[in-house]
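# Understanding the architecture of this molecule
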Amino acid sequence: MSDLPRRDPRQEWIARNRLHPRHAEVLLATGQGAASEWWGPGGLVRRNPHAVGFIGPNGVKRIDRSGTQQGAGGGGAATPAAGLGERPATGVWQAEADAEAATGWHCTARGAAGSLDIRRPLPRLALALAECAEPVSETRHAAAELALPQPLPSTLSRIQDLGQVSVDPSGVALSEAEFLLSAGNGVKDWPGFHHAAEVLRATEGASRVAVDDGFMARDRQVGATGTWVTARVYVAVGISGAIQHLQGIQTCDKVVAINMDPGCDMIKRADLAVIGDSTQILEALVTLVAQAREEKRDAA
């Protein structure tokens with residue numbers, strides 16, 4: 001037998017491929033995982049440019065993104081994905097209960113460089129989009145005992161139930177509104193939009209773009225960065241459907257979308273979609289509602 005050392009091309013390839021499952025094992029077996037520098041047979045110091053923590057010629061330190069460092073250090077702990085033995089869901093922005101899914105839940109993730117949504121069963125490990133995180137608030141909340149200036153009366157006989165009282169929809173808070181007419185960047189006729197909300201007796205809402213442009217007040221903003229709404233009917237007029245806005249309306253019962261773009265995210269989310277000019281559609285809707293109310297008065 002020859003005393004010449006024999007090379008194993010496959011072992012060398014695994015040592016170079018840090019995403020290979022046996023990468024950490026091969027590095028430890030060849031001694032490359034213990035240090036990033038060692039003395040070569042010629043008396044020269046050899047360096048491993050792929051080692052974790054290696055500082056390159058530009059002064060940039062190499063960061064472990066594959067889990068090798070966690071797998072090779074103290075106790076052989078593995079990354080969560082490797083420990084669960086399944087592929088995590090990345091870019092998740094919505095999770096809902098689904099009886100047909102294997103786990104009872106399914107998730108919607110943003111994929112293909114953000115150009116489409118991917119729906120899949122929710123795995124045990126999910127990585128959410130950064131936009132899904134709630135903004136950091138410096139407000140501190142505390143529960144304190146309330147001291148009444150005088151005790152409550154023992155009898156409340158003077159209280160009478162007068163039944164339902166008509167309420168101005170414009171004064172209803174977004175979080176309590178049951179019928180919302182929300183405007184976005186696609187609305188061009190704002191007087192017509194306000195008139196439609198008045199005729200339909202709907203509470204007005206808006207997207208962040210409409211609020212930032214000064215068309216609506218800040219307390220009318222719907223979405224994760226505004227107010228989460230739970231309306232029975234939500235009508236989105238000229239709203240394309242940003243992630244934060246879709247988060248804010250995910251608990252609404254019925255969503256109606258009016259938009260010129262049939263491929264926008266709001267159309268995909270809507271239970272009923274109307275493709276066309278929002279000004280003309282609102283005018284036609286106002287006309288139909290006025291006719292229906294007039295016929296009802298005549299019949300009475």
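In this text, all values refer to a predicted model and were calculated from it rather than measured experimentally.

The next subject is the packing of aromatic side chains. Per the counting criterion, the structure on display carries two aromatic pairs. Ring plane angle 75° and centroid distance 5.7 Å describe the contact between W190 and F193, whose orientation is recorded as edge-to-face. Residue W190 and its partner F193 are located together in helix α5 (residues 190-200), separated by three residues, close to a single helical turn. Relative to F215, the ring of W190 has its centre 4.8 Å away and its plane inclined at 10°; by these criteria the two rings are stacked. Linking W190 in helix α5 with F215 in the loop between α6 (208-212) and β9 (233-237), this pair joins segments that are 25 residues apart in sequence. In this structure W190 comes out as buried when scored by relative accessible area, which is 10%.

A sheet is described by the order of its strands in space; here four strands give the open sequence β5-β4-β3-β6, paired in mixed fashion. Two strands bound the open sheet, and with one partner strand each, they are β5 (116-121) and β6 (126-128). Averaged over all adjacent pairs, the angle separating strand axes in this sheet is 50°, with direction ignored. Judged from the five bridges that link them, strand β3 (residues 89-97) and strand β4 (residues 105-111) form a sheet pairing that is antiparallel. Along β4, the bridge assignment pairs Q94 with T108.

For the rest of this paragraph, the subject is a nonpolar patch on the surface. A surface patch of nonpolar side chains, about 380 Å² in accessible area, is lined by L146, L148 and L152. Turning to its location among the elements, L148 is positioned in the loop between β6 and β7 (179-183).

Cut-offs applied
Residues numbered from 1 in each chain as written. Predicted model: local features only at pLDDT ≥ 70, side-chain atom pairs only at ≥ 80, totals over all residues. Heavy atoms only, no water. Phe/Tyr/Trp six-rings, centres within 6.5 Å; stacked < 30°, edge-to-face > 60°. Helix = DSSP H or I, 4+ residues; strand = E, 2+ residues; numbered from the N terminus. Buried < 20%, exposed > 50% of the residue type's maximum accessible area, 1.4 Å probe, protein only. Pairing = 2+ DSSP bridges. Axes fitted to C-alpha atoms, helices over the stretch in contact; angles between N-to-C directions. Patch = residues over 30% accessible without salt bridge, like charges linked within 9 Å, V, L, I, M, F, W, Y side chains within 5 Å. Areas by Shrake-Rupley, 256 points an atom, 1.4 Å probe, with all protein chains shown as cover. Salt bridge = Lys/Arg side-chain N within 4 Å of Asp/Glu carboxyl O.

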